[in-house]
Structures are given as structure tokens and as C-alpha cells.
Amino acid sequence: MNQSKVKSMMRYRWLVWGLLATAYIIVFFHRFAAGVVKDDLIRDLHISETAFASLGAMYFYAYMFMQIPVGFLADSLGARKTVTIGSLLAAIGSIMFGLAPTVFFAFAGRFIVGLGVSVVFISTLKILSQWYKESEFGTMSGITSFVGNMGGLIAQTPLVWMVALFTWRTTFIAIGIVTLVVTALIYWFVRNTPQEKGYPSIAEIEGREEKHITKEKVNLVKALLEVVTNCRTWPPFIIFASFFGGFTVLTGFYGTSYMMNVYGLEKGAAANYMMAAVLGLAIGSIVIGKVSDALKQRKLPMLVSGGMLLITWSVLIFTGGGKPPIGIMYPLFFVLGLSTSTFILGWACGKELNNPNVAGISTSIVNMGGFFGSAVLPTLVGNTLNGDTGVADYNAAFKIAYISIVIGFAAIFFVKETHCKNIYKG
């Protein structure tokens, strides 16, 4: 084997990963950006609190509905082309959102962004599975998730600064242009496999036989029915919907305005608190999976982490009538984000509790839960607030999210322990 080609491939794969990770940062930026520009959108587009919530939810509706098709697109069209087209749509949507002369165009832009970014993560995992060893894949998936969460950090205080300097419209147009550049780089430099660049495959480098998978035609309707009629699928779905939906209410929609109106903070200072929550989720995303794998258990880590989440939300809701001491808010939001990562084990449970032949579908169904919750809960909270910004108003609105956290925690008790292996027949 040509060792120079092996070394070249080992270097080149970091370029592949870096470009895909950059696209994933953009995914998270759009996921959490709406909350920071809430007041600007309400003012400039002349919309109500309820309309703002619906506008923000467009991203999550589009993302949710694309979870089933994205796997088939990555297989049929190819992961590289799928992520290229998706990133192009995200760029167009972001620019449309920034230029929107009316509410309709703003809704359309936000929806197109959601469609575009929805394909990035699954396509990225598929490409990385060809460029990295099996022993490296779990680590690279975790690192990719962690780096993607940095986009959520950019959508907090840094976004406040950008909007203050350039206006929200110019900022989203600029993000769209940056996405166009990233899209072009992905198209030119990313390849589905090392062989497409003339490099040896990972299997060759590891000295093992290449796996030749015979593609059987999967009956989509039959596979979907098999997953949705399995009662074990739904507790992980509910956990993801409840926990991530509550997290989105805070970090993606109302947390910044809550800190501004209740504590009298400037927007930049208020957004810093949401950064603590997003950073907590980023760290928790790596930690909880490692802890679960080390213990060979899913349910116990979920109960402990989910219990922490319920306690943090209880402090937020019931301490000081919905206004806890400002001194505890940074650690409170950090722990809230850290424990929200409970839902990540739901992906593994969904796969391990269903027929392994439909693993992609089962994971996609569970994944839809998070975006369902993130679309519905903020809308319900927005209907409750309806422009009112007092402590009691936020407290009443956040109780909707709190109820969802309680439901999600209760759902953990209905999760079947898998001991980190498939127990579909068990």
C-alpha cells in the first residue's frame, strides 16, 4: 500500500470534516437565533408575540418533516450532493429572511432554512463513516455535535453584537452569503469516500475486508408502521419532545427577553446567560453518552440527568415567584443545558428497541420528537405571553414548558432498559 497516499488521506479527511462541521455550526446558529432578534422582528415586521413564535417554529416544522426523507436522499442522491443542496437552500432562505419585505417572505425564508439545514447532520455522519475508522466514528460524532453547538453560542451574545453593528437584516444576509461560500467549498472538496479522491479506503488501511452491503429495497410504509406500532418507540420520542422543546423555549425564543425584562439586563448581558445553557448542552452531549456506555445502562443515566433537569426547572419556576436570585442564574442555566442532554440517549434507545433492519427509520422517528416539541411549545408559550413581559407573565408562560419537562421525566420510567444492545426480540 502506498504510504504517502495513506498519509495524504489522513490529512485530507480533516478538511472534509472541517467543512461539514462548519455547515453544522450554521445549522445550530439558525436553530437558536430567533430569540435574540425577537424584539427587532416584532417591531420591523409588525407582528404579535404569537406570530413571532409561529415564525420561529417554521424552522422546526421543516426540520421535523425532513427527518424521514433525509436518509433516503443521502442513499440515493449521495450524501455530498444532499448536504450541498441543503446548504444552498439554507443560504437562499437566510438571504430571503434578511430581505423579507413582508411577514410572508419571512415565514418562507425561515421554512426554507429549516428544509436546507435538516439534511446536514445525517449526511455528515454518512460521509464521516467512510473517512474515519469504526473505532474513531463515535468520537468524531461527539466532536461534531460539540462543534455544532458552537453555532448556538454564536446565536447568543455574538449575534447581539452583530445585530447592534449591522442590523438583523444585514446579519442574516451576511450569514446567507457565508453559507454560499461554505456550500461551494463542500461541493469542490468534500467526497463521499476516500476512493473518490484516489485514496485507499479505511478498510484497506485497517487491513480488513471491505463490507459489501447488498441493498435491499425497504418498504417505507411497512418500516414506518413497524416502528410507530412498537410501543417502546414512544417514550424516547416523548422525552426528546419534552426536554428539547423546553430548552428551545428558553434558548431559542424567550430566555433572552426574560432576562432583560425580569432582571433589567441589556440584551448582550442577557444573552450571556443563554450561552451558559447552550454550553451546558454541548458538554452534556459528549458526557452522557460516555457515561451510559461505560455503565452499560441507558435508563439509570436518563433518570439521574432527567431528575437534575426537573430540579433546575423547578428552581426557575418556583423560586422567588419566577425570579430566582441573579447570582444563581449562570450555574442554573448551565446545569439546565447539561441535563437537557438526557434526550441524546433516546436516539440509542430508539435504535436498540426496534428491529435493527429499520434502525434508520426508528432513529428518525425519535429525532422528530425534538423538533415537534420545539415547534409546538414555543407557540403555546407565545400565546400565553401575548406581549406581556412581567415576572408573573413569564412565570405563567414558562409553566407550560415546565409541565412538558414533568411529562418527559415521567416518560423515562417507561423506557425499557437495553444495556446498550439491541433487545428487539427481548
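How each quantity is defined
Residues numbered from 1 in each chain as written. Predicted model: local features only at pLDDT ≥ 70, side-chain atom pairs only at ≥ 80, totals over all residues. Heavy atoms only, no water. Helix = DSSP H or I, 4+ residues; strand = E, 2+ residues; numbered from the N terminus. Rg over C-alpha atoms; globule rule 2.2 N^0.38 Å. Buried < 20%, exposed > 50% of the residue type's maximum accessible area, 1.4 Å probe, protein only. Contact = heavy atoms within 4.5 Å. Areas by Shrake-Rupley, 256 points an atom, 1.4 Å probe, with all protein chains shown as cover. Expected span 1.5 Å × (residues − 1). Bend = angle between axes of the 7 residues up to and from the residue. Polar contact = N/O pair within 3.5 Å; in protein donor to acceptor, adjacent residues only side chain to side chain. Patch = residues over 30% accessible without salt bridge, like charges linked within 9 Å, V, L, I, M, F, W, Y side chains within 5 Å. Salt bridge = Lys/Arg side-chain N within 4 Å of Asp/Glu carboxyl O. Phe/Tyr/Trp six-rings, centres within 6.5 Å; stacked < 30°, edge-to-face > 60°. Lys NZ or Arg CZ within 6 Å of the ring centre and 35° of its normal. pLDDT = per-residue confidence, 0-100.

Now for the overall build of the chain. The helix and strand inventory of the chain stands at 18 helices and 0 strands. Here the C-alpha atoms of the chain give a radius of gyration of 21 Å, agreeing with the 22 Å that 2.2 N^0.38 yields for 426 residues. A principal-axis box enclosing the C-alpha atoms of the chain has dimensions of 65 × 50 × 40 Å. Within the chain, the fraction of its 426 residues that count as buried is 54%. Excluding contacts between residues fewer than 6 apart, the proportion of contacts in the chain whose partners are at least 24 apart in sequence is 84%. Looking at the chain as shown, the accessible area adds up to about 17,400 Å², and 68% of this sits on carbon and sulfur atoms.

Attention now moves to helix α3 (residues 49–65). The terminal C-alpha atoms of α3, which comprises 17 residues, lie 25 Å apart, in line with the 24 Å expected from a rise of 1.5 Å per residue. By the largest-angle criterion, A57 marks the main kink of α3, which is about 35°. Every buried residue belonging to α3 is among E49, F52, A53, L55, G56, A57, Y59, F60, A62, Y63 and M64, and all of these are buried.

This next bit is on the environment of D44. For D44, the location among the structural elements is in helix α2 (residues 38–45). Side-chain polar atoms of D44 contact the side chain of R43, separated by 2.9 Å. Engagement of the side chain of D44 in a polar contact is seen with the side chain of W168, the distance being 2.7 Å.

Within the secondary structure, N219 sits in the loop between α10 (202–206) and α11 (220–228). For the pair N219 and G289, spaced 70 residues apart in the sequence, the C-alpha separation amounts to 31 Å.

Right, let's get into a nonpolar patch on the surface. Residues L279, I283, V287, V291, L295, L300, V304 and M308 make up a contiguous nonpolar surface patch of about 590 Å² in total accessible area. At the level of secondary structure, the elements contributing two or more residues to the nonpolar patch comprise α13 (267–295) and α14 (299–318). A per-element tally of the nonpolar patch places α13 first, with 5 residues. Structurally, V291 is set in helix α13.

Another aspect to go through is the pattern of salt bridges. Under the counting rule described, the total for this entry stands at 8 salt bridges. The residue E49 makes a salt bridge to K38 at a minimum N-O spacing of 3.0 Å. Residue E49 is located in helix α3, and its partner K38 is located in helix α2; the two are separated by 11 residues in the primary sequence. For the salt bridge of E352 with R298, the shortest nitrogen-to-oxygen distance reads 2.7 Å.

In this section: the side chain of T340. Tracing the chain through its elements places T340 in helix α15 (residues 329–340). By relative accessible area, T340 is classed as buried at 0%. When sequence neighbours within four positions are dropped, the list of residues in contact with T340 reads F243, F247, L281 and L309.

Turning our attention to the packing of aromatic side chains. Describing an aromatic ring pair means giving the distance of the ring centres and the angle of the ring planes. If you walk through the whole model with that rule in mind, you get 40 aromatic pairs. Ring geometry for F104 against F105: centres 5.6 Å apart, planes inclined by 85°, an arrangement best described as edge-to-face. The aromatic ring of Y187 is capped on one face by R80, whose charged end is 4.5 Å from the ring centroid. Over the face of the ring belonging to Y263 we find K323, whose NZ or CZ atom lies 5.7 Å from the ring centre.

Keep in mind that most residues, glycine aside, have a negative phi and that most peptide bonds are trans. A positive phi angle, near 55°, is found at H46, a position not held by glycine. With respect to the helices, strands and loops of the structure, H46 is situated in the loop between α2 and α3. If you check the backbone angles, H419 has positive phi at about 55° while not being a glycine. Owing to a relative accessible area of 46%, H419 belongs among the partly exposed residues under this scheme.

With that out of the way, let us pick up the confidence of the model for the chain. Atom-level detail of predicted coordinates should not be read off regions where pLDDT is low. Here the chain shows a mean pLDDT of 92. Residues at 70 or above account for 97%. The least confident element of the chain is helix α4 (residues 67–76), whose mean pLDDT is 81; the most confident is α15, at 98.

Residues separated by three or four positions in an α-helix point in the same direction, a consequence of the helix having 3.6 residues per turn. Taking 1.5 Å per residue as the helical rise, helix α18 (residues 391–412) with its 22 residues ought to reach 32 Å, and the 31 Å between its terminal C-alpha atoms agrees with that figure. Among all positions in α18, only Y394, N395, A397, F398, A401, Y402, S404, I405, G408, F409, A411 and I412 are buried.

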